Structure formats: C-alpha cells, structure tokens
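The primary structure of each chain is shown beneath.
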Amino acid sequence: MSGKERRGTMTSLVAGGAGFIGSHLCERLLAEGEAVVCVDNLVTGRRANVEPLLAHPAFTFVEHDVVDPLPPLPRVDRVFHLASPASPPAYLRHPIATLRTNSEGTRRLLELAARDGARFLYASTSEVYGDPLEHPQREEYRGNVNPIGPRAMYNEAKRFGEALTATFGRAHGVDVRIVRIFNTYGPRMDPEDGRVVTNFVTQALRGQPLTVFGDGSQTRSFQYIDDLIEGMTRLMAVDYRKPVNLGNPEEHTVLRFAHLVRDVTGSSSPIVFAPLAEDDPKLRRPDISLAEALLGWTAQVPLREGLARMVEYVHHAEGLP
Ligand code: NAD
Ligand code: UDP
C-alpha cells in the first residue's frame, strides 16, 4: 500500500479539481484529513491551481477527460463532479465537449459512485433557471431555458446532468446531491476566462475600459468562493437528494457592479457599453431559504470584502507592481 492509500482515510474524487472551484475544494478536503484524487483534463483548469497540493502525500492528480473510460482508480467514498467549462466564452469555445462532459462524463462518474457505494455530488448551476420568469429563484422553479439558444450547450447539459443524477439516485440507489451554484468568484479564477468579475477587475487594474454588455441593467448576485465551499461540504454531510441553491442573495445590476469594481480598485477606467449576447438572463438572485434551513448556512463574505481579495489575487497574477 502506498503512502497515498492509507487505510481508514476517507477518499474523495474531485472531477474538475484543477479548476477554480475544484482546487479550493481539494484544498479544503485535504485540510480535513481526507485523501483526494483530482481528475482533470485541464481544458479550462490550470496545473498551477493544484501545484502547491502535488507534494501532499494524500493528493493524487490524474490528467484525464471524464468523457473517456476512467482509468483504474482506488475505491472512493465520495465523488464531487465539478468538471465542465463554466464561463460563457469557455463553453462557447467547447460546445460539444460541454454537452458530453455533463452527459457522458456525468454517467461515467455516477457509475463509479455506484460501483464504490460512494456519495455523489453534481455541480449544477443557476443557468438551469435560464432567463427566469420567477424572481428570486427557488429550487421548485422549473426555469425558462431556450433549448436551442446560444447558451443551450451549457444550460441544457446541466439540466440533463441533473436528470441523470436524480435517475441514478432513484434507479440505482446512488446517494446523490445536487448543488445549483450561483455566480461565484475568488482567487484562482482564470483572469482570462471572460466572466464579468475577472473582466472588470483585470480591466480596472490594467487601466482599460470596463466593458458593460447591454445597458448594464441585468442583475447578478455574486458569491465568494469560501462561502460556496462551506455550503458544498455541509450539503455533502446531510441526507438530502434534491437540488439546493448556493449563492449570495445580494443582487446588483451589472452597471452598479462596474462602478463598485472601479471604486474598490481605485481605477479611473472609463465604462463602455458593448452589445448584449442573446438569451443573457435579465435577473438572477438565489432564494437560499432551503440552504439556510437544511444546512444552517448563509453567505458570509460581503461583496466589497471578497472583491478586495479578488483584486489582490489578480494584481499578483498580472505581475503588477
Ligand atoms: P473552471 O473552468 O475553473 O473549472 C472546471 C474544471 O473542469 C477545469 O479544471 C477543467 O479543466 C475541468 N474539466 C472540464 N471538462 C472536463 C472533462 N471533460 N474532463 C475532466 N476535466 C474537465 O470553472 P469553475 O468556475 O471552477 O466551475 C466548476 C464547476 O462549477 C463547473 O461544473 C461549473 O459548471 C459549475 N458552476 C460554476 C459557477 C461559477 O460561478 N464559478 C456557477 C455555476 C456552476
Ligand atoms: N458581462 C458584462 N461585461 C463583461 C462580461 C460579462 O457586462 O465583460 C455581463 C454579462 O452579459 C452578464 C453578466 O455580466 O449579464 C454576468 O456574466 P458572466 O459571463 O460572468 O456570467 P453569467 O452569469 O452570464 O453566466
């Protein structure tokens, strides 16, 4: 038995573990004394995100695409499926891979969970609500997704991933969890991923114009990474198989958010307006009463404080003085 297969240690597989959220989860699980097998094909993730973990005796990195048959793996107790391109520019660049990762990849990981009797968590998204007609969004809301629209490769893939997860729960007795993640930000996001937080912070720090799409009246609610990781680990520890929203209910228009980023960075970058993409949701805010009641959880980190940490991270990542 190698040092990485110590008897009695809980082992978690984190698919997508070299990504933004996944790397924070790996770190948290290791800190709790677990063994972690990180499976990632690095399509949008970065080796640098897990570089500091590679020397840890309980951490194993496997470069692999979860769409393909899984390589021989140790028996695992829990599977966290976070693998998927996540930013709109990334899933538009990899449309078929996004559909396959959330369908075929999800099936492979669910089969692994069934084989090992492992608990399984699927990282779904607020995008399953589409351009919502109900506000804020509760878990019971079934959404308003355009099945053939430009975001469909992501939204419908995630809806199918939820369906597959729920079905393996019912038909094969896999102990499943589904988390619907709302816009989350923090250190280790790829500064070039094209999401609004990374775009605005990098633009502000470089002294470039902040690009507001449309008139900036659309809203988002931004959650700091530490809050998400806390909620996900709590969800994995309770007995609840239906979807749970995790997000920060503080809602901002994108234009107001641009002003806030300028303020926090002390930047004098101008704000410019660019065309809004088709099917861009007009409103988004999670109803988190289920998570509050079930997990005793609520988002803790105020946006200003989280943004300050994000700014510090991008500052270093950009090599700015
Ligand atoms: P990310 O791009 O940083 O991480 C995703 C990781 O999955 C990357 O490391 C990527 O290389 C890996 N990956 C993608 N396809 C793969 C495949 N076929 N096989 C193996 N690895 C693969 O994005 P993130 O923000 O960390 O998102 C993680 C998960 O959370 C995704 O499933 C995403 O849909 C979901 N999510 C994120 C947010 C958010 O705001 N960050 C919101 C909702 C849902
Ligand atoms: N957005 C923007 N400027 C940018 C990037 C994004 O105005 O440079 C807007 C985008 O149109 C959307 C919101 O910010 O309304 C959030 O976009 P993001 O890509 O971060 O995630 P989404 O919530 O759309 O998946």
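Residues numbered from 1 in each chain as written. Chains lettered and ligands numbered in written order. Predicted model: local features only at pLDDT ≥ 70, side-chain atom pairs only at ≥ 80, totals over all residues. Heavy atoms only, no water.

## Considering helix H10 (residues 303-317)
To keep it simple, the criterion reads: We count a stretch as a helix when DSSP gives it H or I for four or more residues in a row; a strand needs E for two or more, and each element gets its number in order from the N terminus. In this analysis, the expected span of each helix is defined as 1.5 Å times one less than the number of residues it contains. Relative accessible area decides the class of each residue, using a 1.4 Å probe on protein chains only: under 20% of the type maximum gives buried, over 50% gives exposed, and in between gives partly exposed. As used here, the arc is the angular range of directions from the helix axis to the C-beta atoms.
Here H10 spans 20 Å end to end across 15 residues, near enough to the 21 Å set by a 1.5 Å rise per residue. The complete set of buried residues in H10 reads Leu303, Gly306, Leu307, Met310, Val311, Tyr313 and Val314. End-on view of H10: buried residues confined to an arc of 165°, all on one side of the axis. Facing away from the buried side of H10, by more than 90 degrees, are the exposed residues Glu312 and His316. Residue Gly319 follows H10 closely and has a positive phi angle near 65°.

## Brief notes about unusual backbone geometry
Between His135 and Pro136 the backbone carries a cis peptide bond, its omega angle lying at -10°. Within the secondary structure layout, Pro136 lies in the loop between strand E5 (119-125) and helix H5 (152-172). In this structure, Leu42 is a non-glycine residue whose phi angle is positive, near 65°. Locating Leu42 in the fold gives a position in the loop between strand E2 (35-40) and helix H2 (47-50). One non-glycine residue, Asp279, lies in the positive phi region at around 70°. Take Asp279: it is sitting in the loop between strand E13 (271-274) and helix H9 (289-295).

## Thoughts on the confidence of the model for the protein chain
Going by this rule: You can read pLDDT as the predictor saying how much it trusts each residue, on a scale of 0 to 100. Note on definitions: a residue-residue contact is assigned when non-hydrogen atoms from the two residues lie within 4.5 Å.
Chain-level statistics for the protein chain give a pLDDT mean of 96 and a share of 97% at 70 or above. Taken together, the stretch residues 1-7 has pLDDT below 50 and engages in nine contacts with residues farther than four places along the chain or on a different chain.

## What about the sheet that holds strand E11 (residues 243-246)?
The following threshold applies: Each pair of strands is called paired provided DSSP finds at least two bridges between the two strands. In this description, a line fitted to the C-alpha atoms serves as the axis of each element, helices being fitted only across the stretch in contact, and the angle between N-to-C directions of two axes falls anywhere from 0 to 180 degrees.
The strand order across the open sheet built from seven strands is E3-E2-E1-E4-E5-E6-E11, with neighbouring strands paired in parallel fashion. Of all the strands in the sheet, the pair left with one neighbour each is strand E3 (59-63) and E11. Neighbour-to-neighbour, the strand axes of the sheet open up by a mean angle of 20°, direction not taken into account. In this sheet, E5 lies alongside strand E4 (residues 78-81) in parallel orientation, the contact comprising four bridges. Bridge pairing in E5 links Val79 to Phe120. Together, strand E1 (11-15), E2, E3, E4 and strand E6 (176-181) form the strand contacts of helix H1 (residues 20-31), whose direction differs from that of E1 by roughly 170°. Packing against the sheet, H5 makes contact with E5, E6 and E11, and its axis sits at approximately 155° to E5.

## Examining the site of ligand 2
As a reminder, the rule being used: By convention in this text, a residue qualifies as near a molecule or strand provided that one of its non-hydrogen atoms is within 4 Å of it. Two N or O atoms count as a polar contact when they lie within 3.5 Å, although within protein this holds only if one can serve as hydrogen donor and the other as acceptor, and sequence-adjacent residues are included solely when both atoms are side-chain atoms. Residue-level accessible areas treat just the shown protein chains as cover; the underlying method is Shrake-Rupley with a 1.4 Å probe. Note on residue categories: nonpolar means Ala, Val, Leu, Ile, Met, Phe, Trp, Tyr, Cys or Pro, charged means Asp, Glu, Lys or Arg, and polar means any other residue, Gly included.
The environment of ligand 2 is formed by 18 residues, the closest being Thr211, Phe213, Arg220, Asp280 and Arg284. Residue Arg284 places a side-chain N or O atom 2.8 Å away from an oxygen atom belonging to ligand 2. Taking 520 Å² as the accessible area of ligand 2 by itself, protein coverage stands at 94%. Elements with a minimum of two residues in the shell around ligand 2: helix H6 (196-206) and strand E8 (210-213). Class assignment of the residues belonging to the shell around ligand 2 gives a composition of seven nonpolar, five polar and six charged.

## Some points on the pairing of E5
Note the following rule: A crossover gets the label right-handed when its path from the first strand over the helix to the second runs clockwise, viewed with the strands pointing away from the viewer.
Where burial is concerned, most of E5 is hidden: six out of the seven residues are buried. One ladder, built from six bridges, connects E5 with E6; its direction is parallel. Bridging across to E6, Phe120 finds its partner in Val176. On the question of chirality, the crossover connecting E5 to the parallel E6 by way of H5 is right-handed.

## Notes on the pattern of salt bridges
Stated formally: In what follows, salt bridge is the name for a side-chain nitrogen of Lys or Arg lying within 4 Å of a carboxyl oxygen of Asp or Glu.
Under the defined criterion, the tally for this structure stands at 28 salt bridges. Among the ionic pairs, Arg220 bridges to Asp280, the shortest N-O distance being 2.8 Å. Taken together, the residues Arg220 in strand E9 (residues 219-221) and Asp280 in the loop between E13 and H9 connect sequence positions 60 residues apart. The pair formed by Arg220 and Asp280 is uniform in burial state, with each residue classed as buried. For Asp226, the salt bridge identified is with Arg309, shortest N-O distance 3.5 Å.

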